[in-house]
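Survey of secondary and tertiary structure
Chain residues, written in single-letter form:
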Amino acid sequence: MKKISLQWKLTFLTTVLITILCGCLTFFLYKNGVYYFDTLQESITDQGTEPESVYIDIPDNEWDDFVAQFSMKVYNSKSDYRSRSLLITAIVALFGGAVTYFISGRALKPLRKFSETVEKVQAQNLKDYTIEENKIAELDRLRISYNKMLMRLSESFETQRQFTGNAAHELRTPLALTQAQIELFAAEHPDAQPETTEFLKLLLEQTERMSQMTKTLLEMSELRSVPCNDRIELAPMIEEIITDLEPIAEKKGIALDYDGNGMMIGSDTLIYRLIFNLTENAIQYNRTNAQVHISVCDNGDDILIRVGDNGHGIPEKYRESIFQPFFRIDKSRSRAHGGVGLGLSLVWEIVLLHKGAVKVEESS
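Because the structure is predicted, anything quoted here is derived from the model rather than measured. (Residues numbered from 1 in each chain as written. Predicted model: local features only at pLDDT ≥ 70, side-chain atom pairs only at ≥ 80, totals over all residues. Heavy atoms only, no water.)

Another aspect to go through is the overall build of the chain. Scanning the chain from N- to C-terminus turns up nine helices and five strands. Secondary structure elements in the chain, listed N-terminal to C-terminal, are α-α-α-α-α-β-α-β-β-α-β-β-α-α. A burial count over the chain gives 30% of its 364 residues as buried. For the chain, the proportion of contacts with a sequence separation of at least 24, taken over those separated by at least 6, is 72%. Surface accessibility of the chain: about 24,900 Å² in total, with carbon and sulfur atoms responsible for 57%. (Helix = DSSP H or I, 4+ residues; strand = E, 2+ residues; numbered from the N terminus. Buried < 20%, exposed > 50% of the residue type's maximum accessible area, 1.4 Å probe, protein only. Contact = heavy atoms within 4.5 Å. Areas by Shrake-Rupley, 256 points an atom, 1.4 Å probe, with all protein chains shown as cover.)

At a closest axis distance of 9 Å, the pairing of helix α7 (residues 268-284) and helix α9 (residues 343-353) adopts a crossing angle of 145°. Crossing handedness for the pair α7 and α9: left-handed. Contact residues: Leu 270, Arg 273, Leu 274, Asn 277, Leu 278 and Asn 281 in α7; Gly 343, Leu 344, Leu 346, Val 347, Ile 350, Val 351 and Leu 353 in α9. (Axes fitted to C-alpha atoms, helices over the stretch in contact; angles between N-to-C directions. Left-handed = near helix turned anticlockwise from the far one by under 90°.)

At their nearest, the axes of helix α6 (residues 234-251) and α7 sit 10 Å apart, and the two run at 40° to each other. Here α6 lies oblique to α7, going by the angle between them. The two elements α6 and α7 cross, and the hand of that crossing is right-handed. Note on element contacts: α7 touches α6 through Asp 268, Ile 271, Tyr 272, Ile 275, Phe 276, Thr 279, Glu 280 and Ile 283, opposite Leu 234, Met 237, Ile 238, Glu 240, Ile 241, Asp 244, Leu 245, Ile 248 and Ala 249. Across the contact of α6 with α7, the residue classes tally to 12 nonpolar, one polar and four charged. (Parallel < 35°, antiparallel > 145°, perpendicular 65-115°, else oblique. Nonpolar A, V, L, I, M, F, W, Y, C, P; charged D, E, K, R; others polar.)

The next subject is the sheet that holds strand β5 (residues 303-308). The sheet built from three strands is open, its strands ordered β2-β4-β5 with mixed pairing. What marks the edges here is a single partner per strand, and that holds for β2 (255-259) and β5. Each adjacent strand pair in this sheet contributes to an overall mean axis angle of 10°, direction not counted. Strands β2, β4 (291-298) and β5 of the sheet are contacted by α6, whose axis makes an angle of about 175° with β2. (Pairing = 2+ DSSP bridges.)

We now examine α9. Counting buried positions along α9 gives eight out of 11 residues, so the element sits mostly inside the fold. Contacts made by the buried residues of α9 are with α5 (194-221) and α7. Following α9 by one or two positions, Lys 355 adopts a phi angle in the positive range, close to 60°.

Mapping Ser 345 onto the fold places it in helix α9. The exposure class assigned to Ser 345 is buried, which follows from its relative accessible area of 2%. Apart from residues lying up to four places away in sequence, Ser 345 is in contact with Met 220, Phe 323, Gln 324 and Pro 325.

This part is about the pattern of salt bridges. On inspection of all chains with the given rule, the structure shows one salt bridge. One salt bridge in this structure joins Arg 306 and Glu 361, with 3.1 Å as the shortest N-O distance. Taken together, the residues span a long stretch of sequence, with Arg 306 in strand β5 and Glu 361 in the segment after α9 at a distance of 55 residues. Classification of Arg 306 by relative accessible area gives partly exposed; the value is 36%. (Salt bridge = Lys/Arg side-chain N within 4 Å of Asp/Glu carboxyl O.)

Aromatic ring pairs are described here by two measures, namely the spacing of the ring centres and the angle between the planes. Evaluation of the coordinates by the stated rule reveals one aromatic pair. Aromatic side chains Tyr 272 and Phe 276 sit 6.0 Å apart centroid to centroid with 20° between the ring planes, which places their arrangement in the stacked category. Note that Tyr 272 and Phe 276 are positioned in helix α7 at a spacing of four residues, about one turn of the helix. Since its relative accessible area comes to 19%, Phe 276 is described here as buried. (Phe/Tyr/Trp six-rings, centres within 6.5 Å; stacked < 30°, edge-to-face > 60°.)

Pasting the structure below:
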């Protein structure tokens, strides 16, 4: 069920209140008017019993007709008075509701702007969306609390990034040394037993995987320091990416192609990595003997890059989660492809750094 906005709730409650007040006022006014109508009618009707209270000079043979016509006129007047009263009540209530909707809309405008600002906040741009001071005391207190929360979150994320970068930096050297020692040992013992050879191969694969993960974490921690002022022509970059990924695609019988071109300002290195990761992911999780198509559309204000494949698709409930670090829909299948669970997360970070958006579209 769709939720009702605060503006409509205020309008509804105010309209109900106005209707009740106008209804009560109309009821009492109607009762008062009817009382005087009835008093007047009784004065005319009782002319024969209390002649001193009547000052209308009408012949006796016409008096009965006059009383009948007068009673009918009073009845019609009361009916008309009642109808007009109800109509005026309805008009006043509707007018009051419309005025309330307009006034409440103006009053809630700062809250609406507040909500729009909050929706734009991402982990990478916390400081850019602090709320400016406003004239509403209640919202100003909320603004101060909200800005303080953003500052605390920004400091926490910065601490997290620094820790991730430092940890990745410290792990990189020992992992490289471990990998080199394993490769050296394997080269010096070519006649080792099959069990030993298989064990060394497993160690080398896992060490390589950890080295790749460390490298990606280090890149993610240093994203914010990368300048984004390169002028990038996308078509030549995509051609280079296709060339680099062609050997992987050929193993699965996947054809790579692209269409379109566009110019953008950003980090040449990061945009290359973004398209590379998306294309590599499309190849790894695609069907065999299928196709991966990259399209670029430049509409003047934005660049739309779409990477499509013939894979099995992603369930709707996972379409945002796949951009989280280390998230896997099928862990066993993902590890079989050799991924470390950070490729799409890096894509997400790069897109946000360039003030863009990324999403998964439904399979056709």
